[in-house]
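Listed below are the residues making up each chain.
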Amino acid sequence: MTAGTHLAGAALTASLLRGLGVEVGLMEGLALAWGAVMPDLDTTTSGPGKFVRPLSSFLERRFGHRTLTHSLPFLLALALLLLPLREASPGAYWAFLAGYLSHLLLDTLNVNGVPLLWPWRVQFFFFPSREWRIRYASPQEATLALFLALSGFALWPLSGQGFASAFRHLVGTPEVAVLDYLDWRDRWEVWADVKGFNRETQEPVEGRFLVVEALGREGVLVEDELGRTLAVSRDGQVVAYRVRMVRGRPQALKEWRLDLSGRLLADLLQALPRSARRVWITGEARPATAPPPLVPPVGTYPRVEASESPPRLRFHAARPEDLAPLAGLYLQAGSAVVRAAFAPGEEASLELPALPALPTLHPLVFSLPSLSGLLVKPGDRVEEGEPIARRVEEGPLQDLEDQAQAKAEEAARLEAELARAEERCRAEREALRGELARLRDEVGRLRYLVAQGAEAPLRLAEGEARLEEAEARLTRLALDCAGEKARLEEAIREARLAQARLLRRKERAAEAQLVRSPVSGRVVEVKVRDLRPGEVVVEVVVESL
């Protein structure tokens, strides 16, 4: 096939790609045209071959015409080689491959066929009969080129919105129109050419309206030039005879889901993005007070519905100006979906202002013998762990105090007795030591006299016996004093331990009589919950700060 035929095939391929959703601009068009003629690089007589003659001359000598560059394996290798182009420009990448494939398919119409699986030398033909195959540069090829070019130009207008959309445009029912809206709304404004009949006003409806949102799969909600909304469907408010979708300006549609509980409706209105072309709010809320009645114009779809008993608000594609009269309502509960349309590249975010931290209340309920045990009053500030009440019961505490005092007195008596015993032992020990010293002197003197023959040995034996007896008395005294001291010290220790245990029991009993604040904060309320004989049930509410 000639280069002109392949370029005509590229024109048809461009329309087909565009109809299948591939954007075909200048870059994609050039890539498609180059791909449609590139396989003929393997001959120096072709236009591309003349442009790169050294390469085409080498390919023609080495492989021949319609061999390597006319095969599917080469196309696959080329697709892998050009993968970086896919990252930079996906549209140009696919357009080039589509143009290259169109060249191979058109060459199957030629009498010579194409070796699509080269180097397996089997020729592939579109028509099995040779009579139907087209000769190179013949009148039949010129007719084919004309047909391809005219088909491409004829399909180009239809391909602008996609072939599926063109078909739905032809059908013109609300159900298929919804599909167009759902396909386009994220990238373009969507308008609807509507022809129908308004059930409520009994008037014909015809014109082009901005589509606000889909009503399920049955129809769409549209808006006229005055901002009034109409529900268009086969059996809706506006009975549609024909609905056809038309793309408008490019846009970027963003959506947020928001919790409105505990907020003023004004919080939502103030947070809406100011750079948005249009904003629609859909949701439901329960206001604290009954909203004012809202009456939509006859023959239109209500954007805001309000009920008084119970208080309810429902928004359906409501605009900020529709909700402005209700801005002061406090919403106890509710949620909303906000959709905003922006010019491409001008998208903004939406964040509701942070709610102020709510105080936490800590109610404490306890019983007291009387209100005299309360230690706080409303308005007092308390710290965590600070006593706020005391159950006054002095009897058990006094008993423990008396027992502890008795043990303290016992310990003091025992300590005094220990001191007297130590003093007595010291005095007796000193007396015995003095006697021992006298007896030792006497025994020493007797030993000398006995050695001189001046005294009888019997008197020396009597003196030594008296010395041994005195030493034994000193040993017994030391043992008796140590035992007495140990006994008294053990008794003192037991008395002190008993006193300490009693004091701890008293502290625990006193602590049990105290009611302490669990948090730091302010006492906001003190009230009597119940009165019983000898008992008052009190509630103290502390607000944490």
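Preceding block: the structure.
Scope of this entry: the structure provided in the associated data block. Because the structure is a prediction, the values reported are computed rather than measured.

### Some remarks on empty space enclosed by the protein
Next, step 1: This model, assessed by the stated rule, comprises 1 cavity of 30 Å³ or more.
Next, step 2: Approximately 80 Å³ is the volume found for the largest cavity.
Next, step 3: Lining the largest cavity are 13 residues; nearest its centre among them are Glu-189, Val-190, Val-211, Gln-251 and Trp-280.
Next, step 4: Contributing elements (two or more residues each) for the lining of the largest cavity: β1 (188-198), β2 (203-215) and β8 (278-287).
Next, step 5: For the lining of the largest cavity, the per-class residue count stands at 8 nonpolar, 1 polar and 4 charged.

### Topic: the state of the cysteines
Should the sulfur atoms of two cysteines be covalently bonded, the bond is a disulfide.
Next, step 1: Applying the stated criterion to the full structure yields 1 disulfide.
Next, step 2: The disulfide bridge from Cys-425 ends at Cys-481, spanning 1.8 Å between sulfur atoms. As the torsion about the S-S bond is roughly -105°, the Cys-425-Cys-481 disulfide counts as left-handed. With Cys-425 in helix α13 (residues 394-452) and Cys-481 in helix α14 (residues 457-512), this residue pair connects regions lying 56 residues apart in the sequence. Each member of the pair Cys-425 and Cys-481 is classed as buried.

### Quick look at helix α7 (residues 90-107)
Next, step 1: Counted at 1.5 Å a residue, the expected span for α7 with its 18 residues is 26 Å, and the 26 Å between its end C-alpha atoms agrees.
Next, step 2: Across the 18 residues that make up α7, a large majority, 14, are buried.

### Some details on the packing of helix α5 (residues 72-81) against α7
Next, step 1: Their axes nearest at 11 Å, the elements α5 and α7 cross at an angle of 170°. Judged on the interaxial angle alone, α7 and α5 are roughly antiparallel. Contact residues: Leu-72, Phe-74, Leu-75, Leu-78 and Ala-79 in α5; Tyr-93, Phe-96, Leu-97, Tyr-100, Leu-101 and Leu-104 in α7.
Next, step 2: Broken down by class, the residue content of the contact of α5 with α7 amounts to 11 nonpolar, no polar and no charged.

### Digging into the pairing of strand β11 (residues 330-342)
Next, step 1: As paired elements, strand β6 (residues 252-259) and β11 share 8 bridges and run antiparallel to each other. Residue Lys-254 lies in a different strand from β11, and its bridge partner there is Ala-340.
Next, step 2: With 2 bridges connecting them, strand β7 (residues 263-264) and β11 associate as antiparallel partners. Looking at the pairing, Arg-263 lines up with Leu-331 of β11.
Next, step 3: Note: β8 against β11, 10 bridges, orientation antiparallel. Opposite Ile-281, over in β11, you have Val-338 as the bridge partner.

### Overview of unusual backbone geometry
Next, step 1: With a phi angle near 60°, Gln-202 is a residue other than glycine that sits in the positive phi range.
Next, step 2: Position of Gln-202 among the secondary structure elements: in the loop between β1 and β2.
Next, step 3: Overall, Gln-202 belongs to the exposed group, its relative accessible area being 52%.
Next, step 4: Despite not being glycine, Ala-317 shows a phi value in the positive range, around 55°.
Next, step 5: On the secondary structure map, Ala-317 appears in strand β10 (residues 312-318).

### A few points about a positive patch on the surface
Next, step 1: Together, Arg-501, Arg-504, Arg-505 and Arg-508 line one region of the surface with positive charge.
Next, step 2: Its location among the elements puts Arg-505 in helix α14.

### Brief notes about a nonpolar patch on the surface
Next, step 1: Residues Leu-72, Leu-101, Leu-105, Leu-117 and Trp-120 make up a contiguous nonpolar surface patch of roughly 460 Å² in combined accessible area.
Next, step 2: Within the secondary structure layout, Trp-120 lies in the loop between α7 and α8 (139-159).
Next, step 3: Residue classification places Trp-120 among the exposed residues on the basis of a relative accessible area of 52%.

### Some details on the pairing of strand β9 (residues 304-307)
Next, step 1: As paired strands, β9 and β10 are joined by 4 bridges and run antiparallel to one another. Across the sheet, residue Ser-307 finds its bridge partner in β10, namely Arg-312.
Next, step 2: Count of turn residues in the β9/β10 antiparallel hairpin: 4 residues.

### Topic: helix α2 (residues 26-37)
Next, step 1: Under the 1.5 Å per step criterion, the end-to-end length of α2 is 17 Å for 12 residues, consistent within 8% with the ideal 16 Å.
Next, step 2: Every buried residue of α2 is listed here: Glu-28, Ala-31, Leu-32, Gly-35, Ala-36 and Val-37.

### Some thoughts on the pattern of salt bridges
Next, step 1: Per the counting criterion, the structure on display carries 38 salt bridges.
Next, step 2: Among the salt bridges present, the one from Arg-473 reaches Glu-435, with a minimum N-O distance of 2.9 Å. Of the two residues, Arg-473 sits in helix α14 while Glu-435 sits in helix α13, which places them 38 residues apart along the sequence.
Next, step 3: We classify Arg-473 as partly exposed; its relative accessible area is 25%.
Next, step 4: A salt bridge links Arg-516 to Glu-511, with the nearest nitrogen and oxygen atoms 2.6 Å apart.
Next, step 5: Shared partners join several salt bridges into a network, and the residues in it are Glu-223, Arg-303, Arg-319, Glu-321 and Asp-322.

### Points about the sheet that holds strand β4 (residues 229-233)
Next, step 1: Taking strand neighbours around the barrel as the criterion, the 5 strands line up as β1-β2-β3-β4-β5 in a closed arrangement whose pairing is mixed. Pairwise comparison of adjacent strand axes, ignoring direction, gives a mean angle of 45° for this sheet.
Next, step 2: Pairing analysis gives 10 bridges linking β1 to strand β5 (residues 238-250), with the strands arranged antiparallel. Pairing of Val-190 across the sheet is with Arg-247, part of β5.

Conventions used here
- Residues numbered from 1 in each chain as written.
- Predicted model: local features only at pLDDT ≥ 70, side-chain atom pairs only at ≥ 80, totals over all residues.
- Heavy atoms only, no water.
- 1 Å grid on protein atoms, 1.4 Å probe; cavity = no way out; pocket = protein on both sides within 12 Å on 5 of 7 lines; lining within 4 Å.
- Points joined across faces, edges and corners; volume = space filled by probe spheres on them.
- Helix = DSSP H or I, 4+ residues; strand = E, 2+ residues; numbered from the N terminus.
- Nonpolar A, V, L, I, M, F, W, Y, C, P; charged D, E, K, R; others polar.
- Disulfide = S-S within 2.5 Å.
- Buried < 20%, exposed > 50% of the residue type's maximum accessible area, 1.4 Å probe, protein only.
- Expected span 1.5 Å × (residues − 1).
- Axes fitted to C-alpha atoms, helices over the stretch in contact; angles between N-to-C directions.
- Parallel < 35°, antiparallel > 145°, perpendicular 65-115°, else oblique.
- Contact = heavy atoms within 4.5 Å.
- Pairing = 2+ DSSP bridges.
- Patch = residues over 30% accessible without salt bridge, like charges linked within 9 Å, V, L, I, M, F, W, Y side chains within 5 Å.
- Areas by Shrake-Rupley, 256 points an atom, 1.4 Å probe, with all protein chains shown as cover.
- Salt bridge = Lys/Arg side-chain N within 4 Å of Asp/Glu carboxyl O.
- Lys, Arg positive; Asp, Glu negative; His and termini not counted.
- Charge placed at Lys NZ, Arg CZ, Asp CG, Glu CD.

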